[in-house]
Amino acid sequence: MRAVVLTGPGPVENLVLRDPAVPEVRPGWVRIAVKAFGLNRSELHTRLGLAEGVTFPRVPGIEAVGVVDALDPADAGGGLVVGQQVATMMGDMGRTYDGGYAQYTLVPVDQVIGFVSDLPWHVIGAVPETLQTAYGSLTTGLDLRAGQSLLIRGGTSSVGLAAAALAKGIGATVLATTRRAANVEVLRAQGVDHVLVDDGAVAAAVRALHPEGVDAALELVGTPTLPDTLAATRVHGTVCFTGMLSNEWIVPDFYPIGYLPKGVRLTAYGGESGDLPADVLQRYLDEIAAGRISLGPIHTYALDDIRRAHTDMELGRTVGKLVGLTEG
């Protein structure tokens, strides 16, 4: 098979195309013939040497979609069958065992989610981890309700775009930020009610629209903008720290009383495959197929183009989701 191997932390040149053997099935694991895989900043962090517990060389990739290629007979009672469409994500994919940047991947059976869809693979490949993160952030992280206001800090990221679509479906008023004025129309097309061009301080603009502050805020940029996001949120409102687009996630010398505005709640979200119910994944795919919900832009790359994909991701050249394809 063909696979991308990260030989060690460093530049994009450390991502190398190789032809390893197809992984052998063993009890408790399922082999997936990968059709597409989403690219995530998690893999960028791994390549830059910012992730903990990774062993090298390693096939990166914390998610993949495709079909069941083989499974141990002892695991056949779990509902999976050869040829079934499936998604997989998280666990230690791409960290302690090989991940999705390959034509085949072997993953624990309990992190596999079945679905049925006629959507093209590049569209399906943009969904699993993005949906899991956005859905979990809005439900577990924020408990967002109809009629509430939501600020998405980092709105043109793939998670930001998905969160906007989901929040509008819930019935929330959505504010979202972008650093580039050229991306305003992308967010408006996603249903965002108020687009804010982010110069690092948007709390005043948020409070011009919502004088008491927003009910909820989703922080996807990281710790550099977190204080301003907290300042944009009302008393008894909630900020969910989910993303690190800035590659900064540590608050140095954190003093809660001095850092947190009085009465504003700060939580966080980081999920696994088990946090994305199969019916939610199926419903979201069906909504996309029916044209009732949009993922936002999708950018596709062949395995041969993986270095360009990582460069685009690292430099922020694209808006929306980057997806790798194992064929073509």
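Above: the structure in question.
Residues numbered from 1 in each chain as written. Predicted model: local features only at pLDDT ≥ 70, side-chain atom pairs only at ≥ 80, totals over all residues. Heavy atoms only, no water.

**Student:** Run through the overall build of the chain, naming residues and quoting values.
**Tutor:** Across its full length, the chain carries ten helices and 15 strands. Scaling as 2.2 N^0.38, a compact globule of 328 residues should have a C-alpha radius of gyration of about 20 Å, and the chain matches this with 20 Å. Considering only C-alpha atoms, the chain reaches an extent of 60 × 40 × 35 Å along its principal axes. Counting over 328 residues, the chain shows a buried share of 54%. Total accessible area on the chain stands at roughly 13,600 Å², and carbon and sulfur atoms take up 52% of it. (Helix = DSSP H or I, 4+ residues; strand = E, 2+ residues; numbered from the N terminus. Rg over C-alpha atoms; globule rule 2.2 N^0.38 Å. Buried < 20%, exposed > 50% of the residue type's maximum accessible area, 1.4 Å probe, protein only. Areas by Shrake-Rupley, 256 points an atom, 1.4 Å probe, with all protein chains shown as cover.)

**Student:** Describe the sheet that holds strand S13 (residues 265–268), and please don't skip the residues or the numbers.
**Tutor:** Pairing is parallel across the open sheet formed by six strands, whose spatial order is S10-S9-S8-S11-S12-S13. At either end of the open sheet lies a strand with only one pairing partner, and these are strand S10 (194–197) and S13. The average undirected angle you get between the axes of adjacent strands in this sheet is 20°. By the bridge criterion, four bridges tie strand S8 (residues 149–153) to strand S11 (residues 214–219) in an arrangement that is parallel. Bridging across to S11, Leu-151 finds its partner in Ala-217. Lying on the sheet, helix H3 (residues 128–141) is in contact with S8, S11, strand S12 (233–241) and S13; it crosses S12 at an angle near 145°. (Pairing = 2+ DSSP bridges. Axes fitted to C-alpha atoms, helices over the stretch in contact; angles between N-to-C directions. Contact = heavy atoms within 4.5 Å.)

**Student:** Can you explain the pattern of salt bridges? Please cite residues and give values.
**Tutor:** Evaluation of the coordinates by the stated rule reveals 14 salt bridges. The residue Asp-305 makes a salt bridge to Arg-308 at a minimum N-O spacing of 3.4 Å. Classification of Arg-308 as partly exposed rests on a relative accessible area of 42%. A salt bridge links Asp-312 to Arg-317; the shortest N-O distance between them is 3.0 Å. You can call Asp-312 buried: its relative accessible area is 7%. Each of the salt bridges in this network shares a partner with another, and the network as a whole consists of Arg-153, Asp-198 and Asp-228. (Salt bridge = Lys/Arg side-chain N within 4 Å of Asp/Glu carboxyl O.)

**Student:** How would you summarise helix H9 (residues 278–289) if you had to cite specific residues and measurements?
**Tutor:** End to end, H9 covers 17 Å across twelve residues, agreeing with the expected 16 Å (1.5 Å per residue, within 8%). All of the buried residues along H9 are Val-280, Leu-281, Gln-282, Tyr-284, Leu-285 and Ile-288. Gly-291 sits one or two residues past H9 and shows a positive phi near 80°. (Expected span 1.5 Å × (residues − 1).)

**Student:** Provide a residue-level description of the environment of Met-93, including the pertinent values.
**Tutor:** Its location among the elements puts Met-93 in the loop between strand S5 (85–89) and strand S6 (104–108). Given the relative accessible area of 0%, Met-93 is considered buried. Separated by 31 residues in the primary sequence, Met-93 and Ile-62 place their C-alpha atoms 5.0 Å from one another. In contact with Met-93, not counting residues within four places along its chain, are Gly-61, Ile-62, Glu-63, Thr-88, Gly-99, Gly-100, Thr-105, Val-107 and Gln-111.

**Student:** Pulling in residues and values, what's your account of the pairing of S8?
**Tutor:** Counting buried residues in S8 gives five out of five residues, a clear majority hidden from the surface. Because side chains alternate across S8, one face comprises the buried residues Ser-149, Leu-151 and Arg-153, and the other comprises Leu-150 and Ile-152, equally buried. Summarising the sheet, S8 and strand S9 (residues 173–178) pair through four bridges and their orientation is parallel. The residue of S9 that forms the bridge with Leu-151 is Leu-175. At this point the chain moves from S8, through helix H4 (residues 158–170), to the parallel S9, and the crossover so formed is right-handed. (Right-handed = clockwise from strand over helix to strand, strands pointing away.)

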